[in-house]
Every structure is written in structure tokens, then in C-alpha cells.
Amino acid sequence: MRLLSVLFVTLFFSLLFTPSNAQDQILIDSLKKELNVAEDTVKLQVLNKLFWKLIFIDAEEAKRYVDFASELASKVGDSTYIASVENDYGVYYWSQSQYGQSLTKFKYALGIFERLNNQNRISSQLNNIGNIYDELGDYETALDYQIKALRIKEKLGLDEKKIANSYVNIGNIHVELANYNLAIEYYEKALAIGEQIQNLDVVMSCKMNLAVVYGNSGNHELAIETYKYALKHWRQNNAQYDVASVLDGLGQEYFSLGQLDSALISYQESSQINEEFGYEDILSLNFRNIGEVFAEKGSYSEALDYLFKALAISERSETQKELIHDYRVIASTYKKMGDFQKALLYHEKYMDQYSKVFSSEKEEAINRLQIQFETEKKEAEIASQKEEIR
């Protein structure tokens, strides 16, 4: 299951909607017509809206609008527009699982916003950069960026939904580190905000991530119940990315319960969506999970075919944390086949990759960051209370 991060620009990252009805297509057509008559600055705003409407439907068409916006922003010479375009490029490269290029673009945008002292957009870029480091398996750096983003949001008094976004992202990092109690704490903070502001999308995103924790903690029945509840919501909203993510999560829970046929159906339905819309990040999970089902069924040739497809995506995208799981399942499959030489080879790759991502020094540094943040927050609350007493 892919955890739902919040790639905060103007949208909540988990809410990646594809056009659900004729009205959405009418809006896209209207925006395209507006490009023919709008002034340059208005045109840039329209191009940004088109990009966000299209990025998870047709990424290449979306990129063409960013290319147009890039030329126009340079012509206008407005730094804010130039930085926004760089951010959109970062989102495009993220959508293609090209994390290195995505990181470069986000950092370039961050530099511009820092020179402009635009704290709101600085917090957004720190958020985005943190999510990319999370994808790459650099959890210490990811947490550092997310905490910095949260500090700015709290200082600026930004709306509660943006605060909830940061809580979700920090929770995701703790899930990767198996710090489930901390993860639940942050997800429940975000969930409380979502319920308070009556934002059902935020609520569902939190529930989906909580389902991951339930499953990882061995409570598979509760995880399945939670996934199904969220799946109904995302299907009604035609949020294909989230539908695909939930289906993959459901498949993992069925697999854990030994329900291989149900797992395979969920994985395959998810992979069909991901192949149609180009969601390569979830597709790599689908391939690995389908391969694991075939290995369990004894269909080793089919298993290896899917597993090496997954490995190819992870290697191309440099997704360090996914390489761990790819090597582990490939090693296990070769062991089942009785090919102990290859099993040992991939087991050694797995151990090396695991040590690279989860060294004890890194985990200690992450814990120090979390403790430092919580301590500073408590000190600030105490200082605020003392001011009120005065």
C-alpha cells in the first residue's frame, strides 16, 4: 500500500481527481479557450489550473502546458510565476517517479521563494521536498523538512487543513520506521482536524493511512474494513489514484490472510488503473505484489517476470525503500525454486540495501529530531501560557 503523502502546492496530494463528469471536461475546455484571449499573467494562472486538471489524466499533455508557462513566465519576468512553474515541473517529474529531477525542481523553486521571503510558499516547498526524500528512503532528511514546514505553518497560523497535511506526512515517515504508535498519534491529530472542519477527503486519507498501520500491526480484519469504507468514497468521487492505492492495500491484507485469489483480483484491478493513467509509483507495488502471489502459488516464471518489472521501476526511479522489498521477494522466490545461489545473491542485496536505509545511526538521528521538535513545541506552549497569566 502506498501511503498518502501531502504534496502541498494548491492541492491536497491524496485528492488526485480525474474528471468525474461532463462538468469537469467542460471546465477543461473552458480553460483552454481562455488561453486564446487572456493577458499574460492571467494566462499563467490558467495554465497552472490546466496543469492540475490534467497531470493525473494525461501527464504529457499537462507538461506541455508547463512548458508553455515556463516560456511565458520568463517573458513576464515575475519570480513568483517562475518559481510556481518550477514547482509544477517538480510535480510532473514526481508523477513519472523521476525523483531526482523532481527534487532539483522543488529545491530551485524553494530558493526563489526564500529570496522573495514568501513564507507560505516556502512551507509548501519544504513539504514537497520532504515527501521526495521520503520516497527516496532518506527518512532523517524527510522528517527534518516536514518539521520545518510544520513550524512555519504554525507560526503563520495557516488554515488547519495545511496543518493536517503536515501531520499526515510526519505520520507516514514513522510508519516507514515502524514507529506505529507515533504514526497513529499524528494520523489521529490530522483526522481530528478533518472531522472538525468537516473535510471528508482529509478524513478518508487519514483512515487509509491508519489502515496501513492496522495491517502492519497484524489487525488485518480492521484494515480491510477501513479500506473498504475508504474505497466506496474514492469510487464515488472517481479519484482513480486513491482507488488504485486502496485496492493495492486491500490486496496486501488478503495476501496476509492467505486469500491469494482475492489478493490477485485486487492487485490486478489496481494495476489496470495504474497502467491506464500512468501511476508508475503504485504500479511498481502492483508488479511486486502480483509476483509474490504467483510465487506463493508456485508459478515461478510468472512471478519472476512481475518481480523484475517492479525492480526495473524501482531502479529507474531510485526509490531506495522499494528496492529493499524487491530484493527480499526476489530472494524468497529463488529460494522457493531451489535456486539457492541466486537466492543468496538477492538476499545479500536485500541486506545491503536495508542497512543503507535503516542504519542505527539514522534511526537515532530521526528520534533526536522528533524529540527536539516535541520539546520545542512544549516549551513554546508553556511560554504562551505564562504570557496569558501576565
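Quick notes on the rules
Residues numbered from 1 in each chain as written. Predicted model: local features only at pLDDT ≥ 70, side-chain atom pairs only at ≥ 80, totals over all residues. Heavy atoms only, no water. Helix = DSSP H or I, 4+ residues; strand = E, 2+ residues; numbered from the N terminus. Buried < 20%, exposed > 50% of the residue type's maximum accessible area, 1.4 Å probe, protein only. Contact = heavy atoms within 4.5 Å. Areas by Shrake-Rupley, 256 points an atom, 1.4 Å probe, with all protein chains shown as cover. pLDDT = per-residue confidence, 0-100. Salt bridge = Lys/Arg side-chain N within 4 Å of Asp/Glu carboxyl O. Phe/Tyr/Trp six-rings, centres within 6.5 Å; stacked < 30°, edge-to-face > 60°. Lys NZ or Arg CZ within 6 Å of the ring centre and 35° of its normal. Expected span 1.5 Å × (residues − 1). Polar contact = N/O pair within 3.5 Å; in protein donor to acceptor, adjacent residues only side chain to side chain.

1. Focus: the overall build of the chain
So, point 1. On a plain count of helices and strands, the chain comes out with 18 helices and zero strands.
So, point 2. Within the span of the chain, comprising 390 residues, buried residues form 54% of the whole.
So, point 3. For the chain, contacts bridging at least 24 residues in sequence account for 62% of all contacts bridging at least 6.
So, point 4. When the accessible surface of the chain is split by element, carbon and sulfur atoms take 48% of a total near 17,500 Å².

2. A look at the confidence of the model for the chain
So, point 1. In this model, the chain carries a mean pLDDT of 87, and residues with pLDDT of at least 70 account for 87%.
So, point 2. Low confidence marks residues 5-20, where pLDDT is under 50. Its contacts with residues over four positions away, or in another chain, come to 71 contacts.

3. With respect to the pattern of salt bridges
So, point 1. Counted according to the given criterion, the structure contains 16 salt bridges.
So, point 2. The salt bridge involving D134 is made with K321; its shortest N-O contact spans 3.4 Å. A residue pair is termed long-range when its members are at least 10 positions apart, and D134 in helix α6 (residues 119-136) and K321 in helix α16 (residues 320-337) qualify at 187 residues. For the pair formed by D134 and K321, the shared burial category is buried.
So, point 3. The salt bridge involving D144 is made with K148; its shortest N-O contact spans 3.4 Å. Here the residue D144 and the residue K148 both occupy positions in helix α7 (residues 139-156), the gap between them amounting to four residues, near one helical turn.
So, point 4. Given the relative accessible area of 36%, K148 is considered partly exposed.
So, point 5. Counted as one network, the salt bridges with shared partners bring together D134, E176 and K321.

4. Digging into the packing of aromatic side chains
So, point 1. This model, assessed by the stated rule, comprises 13 aromatic pairs.
So, point 2. With a centroid separation of 5.7 Å and 15° between ring planes, the pair formed by F277 and Y279 is classed as stacked.
So, point 3. Its relative accessible area of 3% is what places Y279 among the buried residues.
So, point 4. An angle of 40° between the planes, with centres 6.3 Å apart, marks the rings of Y327 and Y346 as tilted. Placement of the pair is Y327 in helix α16 and Y346 in helix α17 (residues 340-357), with a sequence separation of 19 residues.
So, point 5. Classification of Y346 by relative accessible area gives buried; the value is 13%.
So, point 6. Among the aromatic residues, ring-to-ring pairing joins W94, Y241, F277 and Y279 into one connected group.
So, point 7. When the ring centre of Y186 is taken as reference, the NZ or CZ atom of K189 above it lies at 4.8 Å.
So, point 8. Its end group placed over the ring of Y346, K349 keeps NZ or CZ at 5.9 Å from the ring centre.

5. Details of helix α4 (residues 79-95)
So, point 1. In this model α4 runs 24 Å from its N-terminal to its C-terminal C-alpha over 17 residues, within 8% of the 24 Å that 1.5 Å per residue would give.
So, point 2. The buried fraction of α4 amounts to 14 of the 17 residues, a majority that puts the element mostly inside the structure.
So, point 3. Measuring from the side-chain oxygen of the N-cap residue of α4 to the backbone nitrogen of T80 gives 2.9 Å; that N-cap residue is D78.
So, point 4. Once α4 finishes, S97 follows within two positions and takes phi at roughly 60°, a positive value.

6. Thoughts on helix α13 (residues 260-277)
So, point 1. Between its first and last C-alpha atoms α13 spans 26 Å; for 18 residues at 1.5 Å apiece the expected length is 26 Å, and the two agree.
So, point 2. Buried within α13 we find L260, A263, L264, S266, Y267, S270, S271, I273, N274 and F277.
So, point 3. Buried residues in α13 make contact with α12 (240-256) and α14 (280-297).
So, point 4. Where α13 ends, the next residue or the one after it, G278, has phi of about 75°, a positive value.

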